[in-house]
Amino acid sequence: MLFELSVYSFVEMLNDIAEILVVAFFYHRILDKKYDSFVPYIISYLAAFMVLMASSLIVSSPYVRICVSIAILFSISFVVYGGSKITRFFASIYFLLVMYISETLFAGILSVMGYGNPTELLESNIGRVLGMVGTKIFDFWIVVYSCRVYKKKVKSLPLKYWILIILMPFLSAIILFQIFPAYNADDNVLIGYIVCVCGVLYLNFSVFNYFESYDNQIDLLH
């Protein structure tokens, strides 16, 4: 039980880190930076992570976690970013919408692929791991799409690359489902699954990095 608790506490921590990183990625690309130094941003996001982590480990109610996430999003956008207040307000609301869309899409895929009731699946520890990883992948790619549309860089990539970008989170979800272990999986199977999850995440970031490099080369040519 101690191993189980420590593993899933560690997974919760990684999930919170991923959530904060996606928020930072989104805000840094959408909002105007108020400070030239990275120190205020590091301090703000570190504080946000600590609050989010505490809420994850101490409070079991999902409604409390939602309220904490809302408070973090608005606090960061208004404290360390500049520009229009309306822009910062709607950026925060939009990210909440992204989180909702990601969870809805992932739950829908679970049902379509015959994994039963998503709520029942996600009540198990390993099911929660699956849900965390899957929704964060969707969060990341929806933010990537949104930032490119906001920056009006939609046409800079060929259609075949856009198809791959759109399919990437869905393909990742299918891979995660196919390697998903049974509820009574032992520790060795769980560790193997975590390694596979890390591989899927690495694949997603590698694809993103490739497209970013390609886009930068296009900008240099122009």
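Residues numbered from 1 in each chain as written. Predicted model: local features only at pLDDT ≥ 70, side-chain atom pairs only at ≥ 80, totals over all residues. Heavy atoms only, no water.

A.B. asks: In this structure, what is going on with the overall build of the chain? I would like to understand it.
C.D. replies: Across its full length, the chain carries eight helices and two strands. Out of the 222 residues in the chain, the part that is buried amounts to 42%. A sequence separation of at least 24 residues applies to 76% of the contacts in the chain between residues at least 6 apart. (Helix = DSSP H or I, 4+ residues; strand = E, 2+ residues; numbered from the N terminus. Buried < 20%, exposed > 50% of the residue type's maximum accessible area, 1.4 Å probe, protein only. Contact = heavy atoms within 4.5 Å.)

A.B. asks: Got a minute to help me understand the side chain of Ser146 in this structure?
C.D. replies: Along the chain, the position of Ser146 falls in helix α6 (residues 125-150). Under the relative-accessibility criterion, Ser146 is labelled buried at 12%. Polar contacts involving the side chain of Ser146 include one to the main-chain carbonyl oxygen of Ile142, which spans 2.7 Å. (Polar contact = N/O pair within 3.5 Å; in protein donor to acceptor, adjacent residues only side chain to side chain.)

A.B. asks: I'm lost on helix α3 (residues 62-79) in this one. Help?
C.D. replies: Taking 1.5 Å per residue, 18 residues should reach 26 Å; α3 reaches 26 Å between its end C-alpha atoms and fits that length. For α3, the complete set of buried residues consists of Val68, Ser69, Ile72, Leu73, Phe74, Ile76 and Ser77. (Expected span 1.5 Å × (residues − 1).)

A.B. asks: Which parts of the structure should I look at to understand the side chain of Ser44?
C.D. replies: Position of Ser44 among the secondary structure elements: in helix α2 (residues 39-58). From its side chain, Ser44 meets the backbone oxygen of Pro40 in a polar contact 2.7 Å long.

A.B. asks: Got a minute to help me understand the packing of aromatic side chains in this structure?
C.D. replies: Two numbers describe a pair of aromatic rings. These are the distance of the centres and the angle of the planes. Applying the stated criterion to the full structure yields twelve aromatic pairs. A ring pair is formed by Phe26 and Tyr94, whose centres lie 5.9 Å apart and whose planes are at 25°; its orientation type is stacked. Residue Phe26 is found in helix α1 (residues 2-30), and its partner Tyr94 is found in helix α4 (residues 85-112); the two are separated by 68 residues along the sequence. On the basis of relative accessibility, which here comes to 3%, the residue Phe26 falls in the buried class. With 5.4 Å between their ring centres and 50° between their planes, Tyr41 and Tyr81 make a pair best called tilted. Residue Tyr41 is found in helix α2, and its partner Tyr81 is found in strand β2 (residues 81-82); the two are separated by 40 residues along the sequence. Residue Tyr41 is classed as buried on the basis of its relative accessible area, which comes to 3%. Tyr81 gets classed as buried once you look at its relative accessible area, which sits at 0%. Taken together through their ring pairs, the aromatic side chains of Phe26, Tyr27, Tyr35, Tyr41, Tyr81, Tyr94 and Phe95 make up a single cluster. (Phe/Tyr/Trp six-rings, centres within 6.5 Å; stacked < 30°, edge-to-face > 60°.)

Nothing here speaks to function; it is geometry throughout.
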